Each structure stands twice: as structure tokens, then as C-alpha cells.
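Residues per chain are reported as follows:
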Amino acid sequence: MKALQMKSKSRSNSQNGSRDASVTEASLSELLREVLVRVGEDPGRDGLLRTPERMEKALRFLTRGHAEDPKEILRGAMFDVDYDEMVIVRDIEMFSLCEHHLLPFIGKVHVAYIPKGKVIGLSKIPRLVDVFARRLQVQERLTTQIAETIQDAIKPLGVGVVIEARHLCMMMRGVEKQHSSAVTSSMLGAFRNEQETREEFLSLIRTRTSNGF
Ligand code: ZN
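These numbers were taken from a predicted model, which means no experiment stands behind them.

Engineer: Tell me about the nonpolar core, residues and numbers included.
Structural biologist: Within the largest apolar cluster, 29 residues are counted, with the highest numbers of intra-cluster contacts made by Val-109, Val-129, Ile-146, Ile-150, Val-161 and Ile-163. Here Ile-146 is in contact with Val-109, Val-111, Leu-128, Val-129, Phe-132 and Val-161, once residues within four sequence places are set aside.

Here it is as C-alpha cells:
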């Protein structure tokens, strides 16, 4: 396979969002093969022969949330209830890609809300986290998207979302200490207006019980 023609003008094209024809005609795995060449590798050597296809598959999996509709996931999973105490789903594993470097950021999401007549099936909350995490993201936006989607879907008295994550783009490039993590939060309704509610949530996600749960 011949190397792709990537003319120098494609650099200025990419700045304003338009795309060079020689690039748009190439398949994703061809482009990824070219990436291997550009970083100084030989894509013809044994270990790399199938790497472009594997990279493509991984990339499509890790960004599939772009094609998923969070409303669709919640449809049919909202139930009428009288319960009006805080619902918390904590320690949801989260794997996302930072949109600045396409490197992973990994962590935990804690979600809480106080129902006002409706709840969301518990298993759908991690699904909702996944839909937004499997996109190119920044942690701040991921946090607010989860909170606002729940707010819109069931109009609860309030929603709180806290994400603690480590960013490989900082860790691998030595920008930050290896064990530092970024914490973001989005507090809506009662979680924003009532300090007591917010503190109840924050203390519940800090608590670790002896059996590991
Ligand atoms: Zn980054």
C-alpha cells in the first residue's frame, strides 16, 4: 500500500474544519497506518500488521457514545414512586477519552438525586454514564451532561454528580504528580440550594464500609 498523500495545505484546512480529499477518501485504518509511519514505525513488521484495524476497532468502541441517544436509554426505565429520599449510585467505573489528547481519563462517578414522583431504574444510571463517557470529553462537561440529562428526564428535586478521575495525558506526559486526581461536580436544584443536602451526598460518597461496599 502506498503512503497517503497528505499535502502541507491539509494543515491549514484542518484549522477551519474542512477536509482534504486525499484524506477523506482514505479509510480509517489507512489513516491509522499512516500515523504509525509518521511516528517512525514500520507498519509492515509482524507485530504491527493488524494494528491499524485493531486501533480502528478500539477507537470506534471508545467513541460509540456519539451515536447513542441518552433519552433512548432512559425511555421505559422511569417509574412512578412515592419515595422522596435521596437515591445514590456511587463508585460507577468510568473510562473516557480526553478530547485534547485522545488519551484516557479513568475514574469513578457518583450520582445522586431526590425524586419528585419518578425514579430511574438503577441499572440505567451506569449506562447513562457510559453513553457520555464513550465520547471525546472533558471531565467538566461529562459531569454536567450526566446531571442535566437526569434533571430533564425525571424533573427531580435535585441532582448531584461528582467525578473523580485520573488523566493519562497528565500522568504519562509528566505534567502532574502521578497520584493526583481531578474532582468535578455538578449540583442542581436542592443539591445546589441546600447545603445540608449537598453535605449528606458528599459524606455518603466519602464513607467506605468495612466490607468494601
Ligand atoms: Zn488531555
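Engineer: Account for helix α7 (residues 139–154), naming residues and giving values.
Structural biologist: Between its first and last C-alpha atoms α7 spans 23 Å; for 16 residues at 1.5 Å apiece the expected length is 22 Å, and the two agree. Inspection of α7 places Leu-142, Thr-143, Gln-145, Ile-146, Ala-147, Thr-149, Ile-150 and Ala-153 among the buried residues, and these make up the whole buried set.

Engineer: Any chance you could break down the environment of Ile-150 for me, citing the residues and the numbers?
Structural biologist: Here Ile-150 lies in helix α7. Sequence separation of Ile-150 and Val-119 is 31 residues, and the distance between their C-alpha atoms is 9.6 Å. Ignoring any residue separated from it by four or fewer positions in sequence, one finds Ile-150 in contact with Tyr-113, Ile-120, Pro-156 and Val-159.

Engineer: Kindly report on the sheet that holds strand β2 (residues 87–98), identifying the contributing residues and their values.
Structural biologist: Strand-to-strand pairing in sheets goes through backbone hydrogen bonds, with the strands running parallel or antiparallel. The sheet built from 5 strands is open, its strands ordered β5-β2-β3-β6-β7 with mixed pairing. The sheet is open, and its two borders are formed by β5 (136–137) and β7 (182–189), each paired with just one other strand. With 2 bridges connecting them, β2 and β5 associate as parallel partners. Along β5, the bridge assignment pairs Leu-97 with Leu-136. Against the sheet, helix α6 (residues 124–133) engages β2, β3 (104–114) and β5, with an angle of about 20 degrees to β2.

Engineer: An account of the pairing of β3 is needed here, citing residue identities and associated values.
Structural biologist: Of all 11 residues that make up β3, 8 are buried, and the element is covered over most of its length. Sheet topology note: the β2/β3 ladder contains 9 bridges and is antiparallel. By the bridge assignment, Phe-95 is partnered in β3 with Ile-106. By the bridge criterion, 10 bridges tie β3 to strand β6 (residues 158–167) in an arrangement that is antiparallel.

Engineer: Help me get a handle on the packing of helix α3 (residues 28–38) against helix α4 (residues 51–62), residues and values and all.
Structural biologist: Contact geometry for α3 and α4: axes closest at 8 Å, N-to-C directions at 115 degrees. Seen along the crossing, α3 lies across α4 with a hand that is right-handed. Packed against α3, whose contacting residues are Leu-28, Ser-29, Leu-32, Arg-33 and Leu-36, the element α4 presents Thr-51, Pro-52, Glu-53, Met-55 and Glu-56 at the interface. Considered class by class, the residues forming the contact of α3 with α4 number 5 nonpolar, 2 polar and 3 charged.

Engineer: Residues and numbers for the confidence of the model for the protein, please.
Structural biologist: For the protein, per-residue confidence averages 90 on the pLDDT scale, and 87% of positions sit at 70 or higher. Within the model, pLDDT remains below 50 along residues 5–13, and this stretch shows 9 contacts once partners closer than five positions in the same chain are excluded.

Engineer: Now, about unusual backbone geometry: what can you tell me, with residues and values included?
Structural biologist: Located in the positive-phi region is Asp-91, a residue other than glycine, with phi close to 60 degrees. Topologically, Asp-91 is positioned in strand β2. Residue Lys-155 is not a glycine yet carries a positive backbone phi of 45 degrees. A tally of 12 C-beta atoms within 10 Å means that Lys-155 is categorised as exposed.

Reading the values: the criteria
- Residues numbered from 1 in each chain as written.
- Predicted model: local features only at pLDDT ≥ 70, side-chain atom pairs only at ≥ 80, totals over all residues.
- Core = buried A, V, L, I, M, F, W, Y, C linked by C-beta atoms within 7 Å.
- Buried ≥ 20, exposed ≤ 12 C-beta atoms within 10 Å, placed from the backbone.
- Contact = placed C-beta atoms within 7 Å.
- Helix = DSSP H or I, 4+ residues; strand = E, 2+ residues; numbered from the N terminus.
- Expected span 1.5 Å × (residues − 1).
- Pairing = 2+ DSSP bridges.
- Axes fitted to C-alpha atoms, helices over the stretch in contact; angles between N-to-C directions.
- Left-handed = near helix turned anticlockwise from the far one by under 90°.
- Nonpolar A, V, L, I, M, F, W, Y, C, P; charged D, E, K, R; others polar.
- pLDDT = per-residue confidence, 0-100.

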